[in-house]
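Coordinate analysis (summary)
Take a look at the letters that make up each chain.
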Amino acid sequence: MPMWLQALLWGTLAGAALVLGSAISWRWRINAKTVSTIMAFGAGVLISALAFELVAEAESNGGVVATVAGFLVGAVIFVAANFALARRGAKHRKRSGSQQPSEQDSPGSGTAIAVGALLDGIPESLVLGLGLISAGTVSPAMLAAVFISNVPEGLSSSAGMKKAGRSAAYVFTVWGSIAVLSGVAACLGFLALDQAPAELVAFITALAAGAILAMLADTMIPEAFEEHHLLTGLTASVGFVTAFAIHVAGG
């Protein structure tokens, strides 16, 4: 199977976890503590993947300068984009409570939330394609981390969308589109950088990592802390160790 097609399929699979989480949330009412616990676990998983899969690999292949520069640029880009979207109604797009505005309360917020969800998901999928460049195969730990973290993202955000009065057509169109675009992002990441210098691949990998960490701090961790803050740290730690164990087993 061509490598670009592998990138497309793995990226789509990881993005499909958002649809899975959304479907669970739409079909069953999940209590707030459960949502917070799952979100904390997912945050821990992603933090582990950042440390052991992305930043370490970027530094090993492209050096510390490219890694640090890319990481900071990614964080700045995400924060700037997130700030602009928050002002248009997408600030609480991953919250499962009643924080999300309805379209009547904030006209245009539906579009902003959809764009924000895309902003959150693309960096995670991009690194799957980049991993194929450096390792020749998708990283089981990174794939597992993205999939595991995407389920609570879709679950929590969809619960909030439902409470804000968004329709099923809107919710599943958003997540279905993002699943497809996640595959496209992974594929394009591979095609665009397949022959690129190691320093550039490291820069882009670290850029995605910086964007993911900023996303965690701005959107996932607040939801994780909302209802279950006494156990948030422990749950996130379990997620971190789980992803680390997958990393070691796959290495």
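See above for the structure.
Residues numbered from 1 in each chain as written. Predicted model: local features only at pLDDT ≥ 70, side-chain atom pairs only at ≥ 80, totals over all residues. Heavy atoms only, no water.

1. Focus on the overall build of the protein
To keep things clear, this is the line we draw: Secondary structure elements follow DSSP: runs of H or I of four or more residues count as helices, runs of E of two or more count as strands, with numbering from the N terminus. Buried, partly exposed and exposed residues are distinguished by accessible area as a fraction of the type maximum, computed with a 1.4 Å probe on protein chains only: under 20%, between the cut-offs, and over 50%, respectively. Here, two residues are considered to be in contact whenever any of their heavy atoms come within 4.5 Å of each other.
Assigned secondary structure in the protein consists of seven helices and zero strands. The order of helices and strands in the protein, counted from the N terminus, is α-α-α-α-α-α-α. Going through the 251 residues of the protein one by one, you find that 48% of them count as buried. Taking all contacts inside the protein whose residues are at least 6 apart in sequence as the whole, residues at least 24 apart take part in 86%.

2. Digging into helix α5 (residues 140-163)
Under the convention used in this document: A helix is expected to span 1.5 Å multiplied by its residue count minus one.
For α5, built from 24 residues, the straight-helix expectation of 34 Å at 1.5 Å per residue is met to within 8% by its first-to-last C-alpha distance of 35 Å. α5 sits mainly inside the fold: 18 of its 24 residues count as buried.

3. Regarding the nonpolar core
Test applied: For the purposes of this section, nonpolar cores are sets of buried Ala, Val, Leu, Ile, Met, Phe, Trp, Tyr and Cys residues that join through side-chain atoms within 4.5 Å.
L54, M142, I212, L216 and M220 are the most contacted members of the largest nonpolar core, which totals 31 residues. Those elements that provide at least two residues to this core are α1 (3-27), α2 (32-62), α4 (109-135), α5, α6 (168-193) and α7 (198-250). Examining the composition of this core, we find that 10 residues originate from one element, α7, more than from any other. Ignoring sequence-local partners within four residues, the contact set of I212 consists of L46, L50, L54, P123 and E124.

4. A short note on a nonpolar patch on the surface
Put simply, the rule reads: Like charges within 9 Å and nonpolar side chains (Val, Leu, Ile, Met, Phe, Trp, Tyr) within 5 Å are joined into patches, using only residues over 30% in relative accessible area that form no salt bridge. The protein chains shown are the only cover counted for residues, whose accessible areas, like all others here, come from Shrake-Rupley with a 1.4 Å probe. We define a salt bridge as a contact between a side-chain nitrogen of Lys or Arg and a carboxyl oxygen of Asp or Glu at a distance within 4 Å.
The grouping of W4, V180, L181, V184, L188 and L191 at the surface amounts to a nonpolar patch, some 530 Å² of accessible area in total. Looking at which element gives the most residues to the nonpolar patch, the answer is α6, with five residues.

5. Focus: the packing of aromatic side chains
Defined as follows: Pairing of aromatic rings covers Phe, Tyr and Trp, the last through its six-membered ring, and needs centres within 6.5 Å; plane angles under 30 degrees mean stacked, over 60 mean edge-to-face, and all others mean tilted. Placement of a charge over a ring requires the Lys NZ or Arg CZ to be within 6 Å of the ring centre, with the centre-to-atom vector within 35 degrees of the ring normal.
Per the stated rule, a full pass over the model turns up three aromatic pairs. Taking 4.8 Å as the distance between ring centres and 50° as the angle between the ring planes, the aromatic pair formed by F52 and F244 counts as tilted. With F52 in helix α2 and F244 in helix α7, this residue pair connects regions lying 192 residues apart in the sequence. Given the relative accessible area of 30%, F52 is considered partly exposed. Linked through ring pairs, F52, F240 and F244 together constitute an aromatic cluster. In this arrangement the basic side chain of K162 is found over the ring face of W26, its NZ or CZ atom lying 5.0 Å from the centre. Over the aromatic face of Y170 sits the side chain of R166, whose NZ or CZ is 5.5 Å from the ring centroid.

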